[in-house]
Amino acid sequence: MVVNIQQAVSQKTAGFLTDEKIVIETLNLFFYYSSDSPALKDVNIIIPQKKVTAFIGPSGCGKSTLLRCFNRMNDLIPGTYHEGKVLIEGEDINKTGIRLERLRNKVGMVFQKSNPFPMSIWENVAFGPKVNGITDNTDLDEMVKSALIQADLWREVKERLDQSALDLSGGQQQRLCIARALANKPHIILMDEPASALDPISTGKIEETIDELKNQYTIVIVTHNMQQAARVSDYTAFMMTGEIIEFNDTRTLFTNPDKKLTEEYITGRFG
């Protein structure tokens, strides 16, 4: 189910999204790594469908923590807990009975450091579908090819699918990780600093891939690179100390921010 923005409890936080549909919503979200002060404080945000939304802000502001709340990757850290709600396509993902493998198929993730499995290129991309019960090699071949085409990697690797993924360049490995996520047929793709370790040419390839993918997927990206946020995103949220300071369409946030703190950050006065 996709929730119309008019129905969103948190629409007051993003009135500019009136004509959009949303697939992610947080309601009064607090997140704790321990019993001390929260890493996220009363976060209310809505993420529109088939757009790129960027989270920016200084290190330690909660960007990656918030991103990982969308597929419960924070569950892997002992002692963490949350208050409030995270809704994906209208469903509370923290309610009892949620199957995490189903959630993480729907909400794919690409990490800061590329992490291909120590197996062939083909096996990397086919891994998720095989885990999900697909065994026919013809079907798997089609899924692998489709995912690699979407990740803009097919032309570079189609003649060596049986070679180790670890032999690929850093940029190719990251696009392979994007393809691996796409093979699970996600609705949403989370990207945590996906180009921070790459050279400018590889970064450009990743950004071109993001621009193509948003026609089919909802993408949420964390980036320290404000120029990258300005280039690839439709909407941007600026965070500080676990809070959303400002959320707007990217052009407005970068050229005419509402909050003085936002202006100071994007003009380089701190951070």
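Quick note: structure is the one above.
Bringing the overall build of the chain into the picture now. Broken down by element type, the chain carries 10 helices and 11 strands. Scored against the burial criterion, the 271 residues of the chain give a buried share of 53%. Carbon and sulfur atoms provide 48% of the accessible area of the chain, an area that totals close to 12,600 Å². Within the chain, one finds 30 positive and 35 negative side-chain charges whose respective centroids are separated by 1 Å.

Our focus in this paragraph is helix H3 (residues 121–131). All buried positions along H3 are accounted for by Ile 121, Trp 122, Asn 124, Val 125, Ala 126, Gly 128 and Pro 129. Buried residues along H3 sit against helix H4 (137–150), helix H5 (154–157) and helix H6 (170–182). One or two positions beyond H3, positive phi appears at Gly 133, with a value near 100°.

Scanning the model with the defined rule gives 6 aromatic pairs in all. With 5.0 Å between their ring centres and 20° between their planes, Phe 238 and Tyr 265 make a pair best called stacked. Of the two residues, Phe 238 sits in strand S10 (residues 235–240) while Tyr 265 sits in helix H10 (residues 260–266), which places them 27 residues apart along the sequence. Judged on exposure class, the residue Phe 238 and its partner Tyr 265 are both buried.

This paragraph deals with the side chain of Thr 203. Note that Thr 203 resides in helix H7 (residues 200–213). Judged by its relative accessible area of 12%, Thr 203 is buried. Not counting the four nearest positions on each side in its chain, Thr 203 is found in contact with Ala 195, Leu 198 and Gln 228.

Given a rise of 1.5 Å per residue, 14 residues ought to cover 20 Å, and the 20 Å separating the end C-alpha atoms of H7 matches this to within 8%. Taken as a whole, H7 has its buried residues at Ser 202, Thr 203, Ile 206, Glu 207, Thr 209, Ile 210 and Leu 213. The buried residues of H7 occupy an angular sector of 160° when projected down its axis, which confines them to one face. What points out from H7, more than 90 degrees from its buried face, is the exposed set Pro 200, Ile 201 and Glu 212. Buried-residue contacts for H7 involve strand S4 (52–56), H4, H6, strand S8 (188–192), strand S9 (218–222) and helix H8 (226–232).

Approximately 490 Å³ is the volume found for the largest pocket. Around the largest pocket, the lining is made up of 21 residues, and of these Arg 104, Asn 105, Phe 117, Arg 180 and Asn 184 lie nearest the centre. Broken down by secondary-structure element, the contributors of at least two residues to the lining of the largest pocket are helix H2 (100–106), strand S7 (107–110), H3 and H6. Here the lining of the largest pocket is built from residues that sort into 11 nonpolar, 7 polar and 3 charged.

Neither face of S7 is left uncovered, since the one carrying Val 107 and Met 109 and the one carrying Gly 108 and Val 110 both have all their residues buried. Of the pairings in the sheet, the one linking S7 to S8 comprises 4 bridges and is parallel in character. Across the sheet, residue Val 107 finds its bridge partner in S8, namely Ile 188.

To continue, consider unusual backbone geometry. For Asp 42, which is not glycine, the phi torsion reads 50° and is therefore positive. Take Asp 42: it is sitting in strand S3 (residues 40–48). Its relative accessible area of 39% is what places Asp 42 among the partly exposed residues. Within the chain, Glu 193 stands out as a residue other than glycine whose phi angle is a positive 50°. Considering the arrangement of structural elements, one finds Glu 193 in the loop between S8 and H7. On the basis of relative accessibility, which here comes to 7%, the residue Glu 193 falls in the buried class.

Calculation rules
Note on numbering: residues in each chain are counted from 1, in written sequence order. Local features in a predicted model are, by the rule used here, given only for residues with pLDDT of at least 70; side-chain atom pairs are given and counted only at 80 or more, and totals for whole chains, interfaces and linings are based on all residues. The basis for every side-chain value is the complete set of non-hydrogen atoms in the structure, without hydrogens or water. Here a helix means four or more residues in a row that DSSP labels H or I, a strand means two or more in a row labelled E, and each is numbered from the N terminus. Think of it in three bands: residues with accessible area under 20% of the maximum for their type are buried, residues over 50% are exposed, and the middle band is partly exposed, with areas taken using a 1.4 Å probe on protein chains only. Shrake-Rupley sampling with a 1.4 Å probe provides the accessible areas, and residues are treated as covered by the protein chains on show and by no other component. Asp and Glu are treated as the negative residues and Lys and Arg as the positive ones, with His and the ends of the chain left uncounted. By convention, charge coordinates are those of NZ in Lys, CZ in Arg, CG in Asp, or CD in Glu. Note on contacts: a residue pair qualifies if any of its non-hydrogen atoms lie within 4.5 Å across the two residues. Between the rings of Phe, Tyr and Trp (Trp by its six-membered ring), a pair exists once the centres lie within 6.5 Å; its type follows the angle of the planes, with under 30 degrees stacked, over 60 edge-to-face, and the other angles tilted. Expected helix span is computed as 1.5 Å times (number of residues minus one). Working definition: the arc comes from the directions between the helix axis and the C-beta atoms, pointing outward to the latter. A 1.4 Å probe that fits into a set of points on a 1 Å grid over the protein atoms alone but cannot get out defines a cavity; an open set with protein on both sides within 12 Å along at least five of seven lines defines a pocket, and lining residues are those with an atom within 4 Å of a point. Grid points are joined across faces, edges and corners, and a volume is the space filled by probe spheres set on the points. Following the grouping adopted for this structure description, the nonpolar residues are Ala, Val, Leu, Ile, Met, Phe, Trp, Tyr, Cys and Pro, the charged ones are Asp, Glu, Lys and Arg, and the polar ones are all others, Gly among them. The pairing criterion for strands is at least two bridges between them, as found by DSSP.

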